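Chains, contacts and geometry: an overview
Listed here are the chains, written in short residue letters.
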Amino acid sequence: MYLFPDPIESDPQGQGLICIGADLEPSTLYEAYTHGLFPWFNEGDPICWWCPEPRCVIYPDQYKPSKTLLRNMKKMDYRITINQAFERVMRSCALPRNYTSETWISEDIVQGYVELFREGYGYSVEVWDDQELIGGLYGVSIGRGCFGESMFSVRTDASKMAFYALMLLGQENQLAWIDCQLVNDHLLSLGACTLSRQEYLKSLQDVIIRPPIDWKNYQERVFSSKTVAENAKLIE
(Lines give C-alpha, C1' and ligand atoms only; values in the text may rest on other atoms or scores of the structure.)
Protein backbone atom coordinates (compact mmCIF):
# COMPACT_ATOMS: atom_id res chain seq x y z
CA MET A 1 0.00 0.00 0.00
CA TYR A 2 1.25 3.47 -0.89
CA LEU A 3 1.41 6.17 1.78
CA PHE A 4 0.47 9.60 0.51
CA PRO A 5 2.00 12.81 1.90
CA ASP A 6 0.08 15.49 3.74
CA PRO A 7 -1.19 17.87 1.01
CA ILE A 8 -0.59 21.06 2.97
CA GLU A 9 2.95 20.11 3.98
CA SER A 10 3.82 18.90 0.48
CA ASP A 11 2.22 21.81 -1.34
CA PRO A 12 2.23 24.88 0.93
CA GLN A 13 1.75 27.23 -2.03
CA GLY A 14 -1.52 25.55 -3.01
CA GLN A 15 -0.57 24.62 -6.57
CA GLY A 16 -2.62 21.42 -6.30
CA LEU A 17 -0.19 18.74 -7.52
CA ILE A 18 0.85 16.67 -4.51
CA CYS A 19 2.82 13.72 -5.89
CA ILE A 20 3.50 11.58 -8.96
CA GLY A 21 3.60 7.80 -9.29
CA ALA A 22 2.00 4.82 -7.50
CA ASP A 23 -0.74 2.82 -9.24
CA LEU A 24 -4.52 2.65 -9.64
CA GLU A 25 -5.21 -0.41 -7.52
CA PRO A 26 -8.36 -0.16 -5.34
CA SER A 27 -6.27 0.03 -2.14
CA THR A 28 -4.25 2.92 -3.60
CA LEU A 29 -7.34 4.82 -4.71
CA TYR A 30 -8.95 4.28 -1.31
CA GLU A 31 -5.85 5.58 0.46
CA ALA A 32 -5.70 8.62 -1.81
CA TYR A 33 -9.34 9.64 -1.33
CA THR A 34 -9.15 9.27 2.45
CA HIS A 35 -6.24 11.73 2.36
CA GLY A 36 -8.01 14.23 0.11
CA LEU A 37 -6.26 13.29 -3.14
CA PHE A 38 -7.53 12.13 -6.52
CA PRO A 39 -5.76 11.07 -9.75
CA TRP A 40 -5.83 13.34 -12.80
CA PHE A 41 -3.50 12.91 -15.75
CA ASN A 42 -3.46 12.38 -19.50
CA GLU A 43 -3.19 8.88 -20.94
CA GLY A 44 0.45 7.90 -21.35
CA ASP A 45 1.66 10.33 -18.66
CA PRO A 46 2.73 9.38 -15.13
CA ILE A 47 -0.08 9.16 -12.57
CA CYS A 48 -0.52 12.57 -10.92
CA TRP A 49 -2.30 13.01 -7.58
CA TRP A 50 -4.06 16.30 -6.83
CA CYS A 51 -5.52 18.17 -3.88
CA PRO A 52 -6.49 21.61 -5.21
CA GLU A 53 -6.73 24.90 -3.32
CA PRO A 54 -9.57 25.79 -3.05
CA ARG A 55 -11.73 22.66 -3.18
CA CYS A 56 -15.01 22.62 -5.08
CA VAL A 57 -17.96 21.14 -3.19
CA ILE A 58 -21.72 21.27 -3.24
CA TYR A 59 -24.01 21.18 -0.21
CA PRO A 60 -26.95 18.85 -0.97
CA ASP A 61 -29.27 20.54 1.51
CA GLN A 62 -28.76 23.87 -0.28
CA TYR A 63 -29.29 22.58 -3.82
CA LYS A 64 -32.35 23.86 -5.69
CA PRO A 65 -33.23 22.38 -9.09
CA SER A 66 -34.26 24.82 -11.78
CA LYS A 67 -37.88 25.06 -12.87
CA THR A 68 -36.81 24.07 -16.37
CA LEU A 69 -35.19 20.89 -15.10
CA LEU A 70 -38.24 19.91 -13.04
CA ARG A 71 -40.50 20.59 -16.00
CA ASN A 72 -38.40 18.37 -18.27
CA MET A 73 -38.28 15.57 -15.68
CA LYS A 74 -42.07 15.57 -15.47
CA LYS A 75 -42.49 15.81 -19.23
CA MET A 76 -40.04 13.08 -20.27
CA ASP A 77 -40.60 10.66 -17.35
CA TYR A 78 -37.30 8.81 -17.74
CA ARG A 79 -36.17 6.00 -15.44
CA ILE A 80 -33.47 6.72 -12.84
CA THR A 81 -31.43 3.97 -11.21
CA ILE A 82 -28.60 3.81 -8.69
CA ASN A 83 -25.52 1.56 -8.97
CA GLN A 84 -26.94 -0.57 -11.78
CA ALA A 85 -24.51 0.31 -14.60
CA PHE A 86 -21.33 1.72 -13.05
CA GLU A 87 -18.92 0.60 -15.78
CA ARG A 88 -21.26 1.65 -18.59
CA VAL A 89 -21.53 5.11 -17.08
CA MET A 90 -17.74 5.36 -16.78
CA ARG A 91 -17.23 4.34 -20.40
CA SER A 92 -19.90 6.78 -21.54
CA CYS A 93 -18.15 9.56 -19.62
CA ALA A 94 -14.92 8.65 -21.45
CA LEU A 95 -16.42 9.11 -24.93
CA PRO A 96 -15.53 12.22 -27.01
CA ARG A 97 -17.48 15.39 -26.21
CA ASN A 98 -18.64 18.14 -28.59
CA TYR A 99 -15.80 20.37 -27.41
CA THR A 100 -12.97 17.81 -27.25
CA SER A 101 -12.00 14.32 -28.36
CA GLU A 102 -9.57 13.89 -25.47
CA THR A 103 -10.36 12.21 -22.14
CA TRP A 104 -8.50 11.56 -18.90
CA ILE A 105 -10.63 8.45 -18.30
CA SER A 106 -8.19 5.89 -19.69
CA GLU A 107 -8.67 2.13 -19.67
CA ASP A 108 -6.46 1.94 -16.57
CA ILE A 109 -8.71 4.47 -14.83
CA VAL A 110 -11.81 2.47 -15.80
CA GLN A 111 -10.38 -0.79 -14.50
CA GLY A 112 -9.19 0.76 -11.23
CA TYR A 113 -12.50 2.42 -10.41
CA VAL A 114 -14.59 -0.58 -11.46
CA GLU A 115 -12.60 -2.70 -9.01
CA LEU A 116 -13.04 -0.03 -6.33
CA PHE A 117 -16.78 -0.08 -7.00
CA ARG A 118 -16.88 -3.87 -6.69
CA GLU A 119 -15.27 -3.55 -3.28
CA GLY A 120 -18.10 -1.26 -2.20
CA TYR A 121 -16.50 2.16 -2.59
CA GLY A 122 -18.26 3.62 -5.59
CA TYR A 123 -21.62 4.83 -6.84
CA SER A 124 -23.33 5.64 -10.10
CA VAL A 125 -26.60 7.26 -11.08
CA GLU A 126 -28.13 6.24 -14.41
CA VAL A 127 -30.88 7.85 -16.50
CA TRP A 128 -32.68 5.66 -19.02
CA ASP A 129 -35.11 6.14 -21.87
CA ASP A 130 -36.58 2.65 -22.08
CA GLN A 131 -33.42 0.48 -22.37
CA GLU A 132 -31.12 3.26 -23.63
CA LEU A 133 -28.65 4.80 -21.18
CA ILE A 134 -28.95 8.53 -21.92
CA GLY A 135 -27.15 10.13 -18.99
CA GLY A 136 -25.46 9.52 -15.70
CA LEU A 137 -22.62 10.18 -13.31
CA TYR A 138 -20.25 8.21 -11.11
CA GLY A 139 -17.93 8.70 -8.18
CA VAL A 140 -16.33 7.28 -5.07
CA SER A 141 -18.19 6.62 -1.81
CA ILE A 142 -16.36 6.21 1.52
CA GLY A 143 -18.26 6.50 4.79
CA ARG A 144 -20.61 9.44 4.34
CA GLY A 145 -18.30 11.01 1.78
CA CYS A 146 -19.36 11.16 -1.87
CA PHE A 147 -16.63 12.19 -4.30
CA GLY A 148 -17.87 13.10 -7.76
CA GLU A 149 -15.81 12.12 -10.79
CA SER A 150 -17.62 12.70 -14.09
CA MET A 151 -21.01 12.88 -15.77
CA PHE A 152 -22.36 12.54 -19.30
CA SER A 153 -25.53 13.20 -21.24
CA VAL A 154 -26.83 12.38 -24.72
CA ARG A 155 -30.26 13.94 -24.16
CA THR A 156 -31.20 17.38 -22.89
CA ASP A 157 -30.82 17.65 -19.09
CA ALA A 158 -30.17 13.90 -18.60
CA SER A 159 -26.96 14.50 -16.62
CA LYS A 160 -28.72 17.21 -14.59
CA MET A 161 -31.44 14.70 -13.72
CA ALA A 162 -28.77 12.31 -12.46
CA PHE A 163 -27.19 15.17 -10.53
CA TYR A 164 -30.54 16.06 -8.92
CA ALA A 165 -30.99 12.43 -7.86
CA LEU A 166 -27.52 12.53 -6.30
CA MET A 167 -28.44 15.71 -4.41
CA LEU A 168 -31.57 14.02 -3.04
CA LEU A 169 -29.47 11.04 -2.00
CA GLY A 170 -27.14 13.45 -0.24
CA GLN A 171 -30.02 15.15 1.55
CA GLU A 172 -31.57 11.87 2.67
CA ASN A 173 -28.24 10.64 4.05
CA GLN A 174 -27.32 14.00 5.62
CA LEU A 175 -24.07 14.32 3.70
CA ALA A 176 -22.05 17.36 4.72
CA TRP A 177 -21.05 17.93 1.09
CA ILE A 178 -20.40 16.17 -2.19
CA ASP A 179 -16.87 16.70 -3.44
CA CYS A 180 -16.70 18.19 -6.96
CA GLN A 181 -12.89 18.51 -6.88
CA LEU A 182 -12.00 21.25 -9.39
CA VAL A 183 -13.96 24.46 -9.88
CA ASN A 184 -15.56 25.03 -13.26
CA ASP A 185 -18.42 27.15 -14.60
CA HIS A 186 -20.73 24.18 -15.16
CA LEU A 187 -20.47 23.04 -11.53
CA LEU A 188 -20.92 26.59 -10.27
CA SER A 189 -24.08 26.87 -12.39
CA LEU A 190 -25.39 23.79 -10.58
CA GLY A 191 -24.84 25.41 -7.19
CA ALA A 192 -21.31 24.33 -6.28
CA CYS A 193 -19.05 26.56 -4.18
CA THR A 194 -15.55 26.38 -2.71
CA LEU A 195 -13.95 25.39 0.58
CA SER A 196 -10.39 26.12 1.54
CA ARG A 197 -8.23 23.03 1.28
CA GLN A 198 -7.62 23.08 5.03
CA GLU A 199 -11.37 23.22 5.77
CA TYR A 200 -12.02 20.41 3.33
CA LEU A 201 -9.34 18.12 4.76
CA LYS A 202 -10.58 18.71 8.32
CA SER A 203 -14.16 17.89 7.35
CA LEU A 204 -13.02 14.88 5.32
CA GLN A 205 -11.67 13.09 8.37
CA ASP A 206 -15.09 13.29 9.98
CA VAL A 207 -17.18 12.09 7.05
CA ILE A 208 -15.06 9.06 6.08
CA ILE A 209 -15.37 7.44 9.52
CA ARG A 210 -19.16 7.73 9.67
CA PRO A 211 -21.37 4.71 8.84
CA PRO A 212 -21.52 4.25 5.06
CA ILE A 213 -24.56 4.92 2.91
CA ASP A 214 -26.85 1.91 2.65
CA TRP A 215 -26.86 1.66 -1.14
CA LYS A 216 -29.28 -1.28 -1.08
CA ASN A 217 -32.04 1.19 -0.20
CA TYR A 218 -31.58 2.64 -3.66
CA GLN A 219 -30.02 0.14 -6.04
CA GLU A 220 -32.83 -2.38 -5.86
CA ARG A 221 -35.37 0.16 -7.10
CA VAL A 222 -36.19 2.12 -10.24
CA PHE A 223 -37.29 5.72 -9.90
CA SER A 224 -39.46 7.73 -12.28
CA SER A 225 -38.04 11.16 -13.12
CA LYS A 226 -41.60 12.48 -12.99
CA THR A 227 -42.20 11.12 -9.50
CA VAL A 228 -38.82 12.34 -8.26
CA ALA A 229 -39.53 15.85 -9.59
CA GLU A 230 -42.98 15.93 -7.99
CA ASN A 231 -41.99 14.47 -4.58
CA ALA A 232 -38.39 15.74 -4.25
CA LYS A 233 -37.22 12.48 -2.67
CA LEU A 234 -35.95 9.02 -3.53
CA ILE A 235 -36.93 6.99 -0.48
CA GLU A 236 -40.65 7.00 0.25
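Residues numbered from 1 in each chain as written. Predicted model: local features only at pLDDT ≥ 70, side-chain atom pairs only at ≥ 80, totals over all residues. Heavy atoms only, no water.

In the annotation of an unreviewed UniProt entry, the entry for the chain reads Leucyl/phenylalanyl-tRNA--protein transferase, and the organism field reads Acinetobacter ursingii ANC 3649. Looking at the chain in UniProt, the text filed under Sequence similarities (unreviewed entry) is "Belongs to the L/F-transferase family." (UniProt positions renumbered as here; feature names shortened; annotations may be inferred.)

A few words now on the domain arrangement of the chain. In terms of domains, the chain is made up of domain 1 (5–51) and domain 2 (54–229). Distance between the C-alpha centres of domain 1 and domain 2: 21 Å. Of the roughly 2,000 Å² buried between domain 1 and domain 2, counting both surfaces, carbon and sulfur atoms make up 69%. Looking at the side of domain 1 facing domain 2, the largest losses of area belong to Pro26, Tyr33 and Phe38, adding up to 31% of the total buried there. Linking domain 1 to domain 2 there are 1 salt bridge. With its nearest N and O atoms 2.9 Å apart, the salt bridge here joins Arg197 to Asp11. If one sorts the elements of the side of domain 1 that touches domain 2 by residue count, helix H2 (residues 26–33) sits on top with 4 residues. (Domains from an automatic or database assignment. Buried area = accessible area lost by both parts, 1.4 Å probe. Salt bridge = Lys/Arg side-chain N within 4 Å of Asp/Glu carboxyl O. Helix = DSSP H or I, 4+ residues; strand = E, 2+ residues; numbered from the N terminus.)

The next subject is the packing of aromatic side chains. Within this structure, the stated rule accounts for 13 aromatic pairs. Between the aromatic rings of Trp177 and Tyr200, the centroid separation amounts to 5.0 Å while the plane-to-plane angle is 35°, which identifies the pairing as tilted. With Trp177 in the loop between helix H6 (158–172) and strand S9 (178–181) and Tyr200 in helix H8 (residues 197–207), this residue pair connects regions lying 23 residues apart in the sequence. When sorted by exposure, Trp177 lands in the same class as Tyr200, which is buried. By the ring-pair criterion, three or more aromatic residues cluster together here, those being Tyr33, Phe86, Tyr113, Phe117, Tyr138, Phe147, Trp177 and Tyr200. (Phe/Tyr/Trp six-rings, centres within 6.5 Å; stacked < 30°, edge-to-face > 60°. Buried < 20%, exposed > 50% of the residue type's maximum accessible area, 1.4 Å probe, protein only.)

Once that is clear, we can look at the nonpolar core. Formed by 43 residues in total, the largest nonpolar core has its most connected members in Trp49, Met90, Ile105, Tyr113, Tyr138 and Phe147. Only strand S1 (17–20), H2, strand S3 (48–50), helix H4 (86–93), helix H5 (107–118), strand S7 (132–142), strand S8 (145–153) and H8 provide two or more residues apiece to this core. Looking at this core, the element that brings in the most residues is H5, giving 5 residues. Shared between two domains, this core takes at least three residues from each, and those domains are domain 1 (5–51) and domain 2 (54–229). Apart from the residues within four sequence positions on either side, Tyr113 is in contact with Leu29, Tyr33, Pro39, Phe86, Met90, Tyr138, Val140 and Glu149. (Core = buried A, V, L, I, M, F, W, Y, C linked by side-chain atoms within 4.5 Å. Contact = heavy atoms within 4.5 Å.)

The subject of this paragraph is the environment of Cys51. Position of Cys51 among the secondary structure elements: in the loop between S3 and strand S4 (55–58). In this structure, the C-alpha to C-alpha distance between Cys51 and Cys146, residues 95 residues apart in sequence, is 16 Å. For Cys51, the residues in contact, after removing those within four places along its chain, are Pro7, Gly16, Ile18, Gly36, Leu37, Arg197 and Leu201.

Between H2 and H5, the shortest axis-to-axis distance is 9 Å and the interhelical angle comes to 80°. It follows from the interaxial angle that H2 and H5 lie roughly perpendicular. On H5, the residues touching Pro26, Leu29, Tyr30 and Tyr33 of H2 are Gly112, Tyr113, Glu115 and Leu116. Here the contact of H2 with H5 is composed, by residue class, of 6 nonpolar, 1 polar and 1 charged. (Axes fitted to C-alpha atoms, helices over the stretch in contact; angles between N-to-C directions. Parallel < 35°, antiparallel > 145°, perpendicular 65-115°, else oblique. Nonpolar A, V, L, I, M, F, W, Y, C, P; charged D, E, K, R; others polar.)

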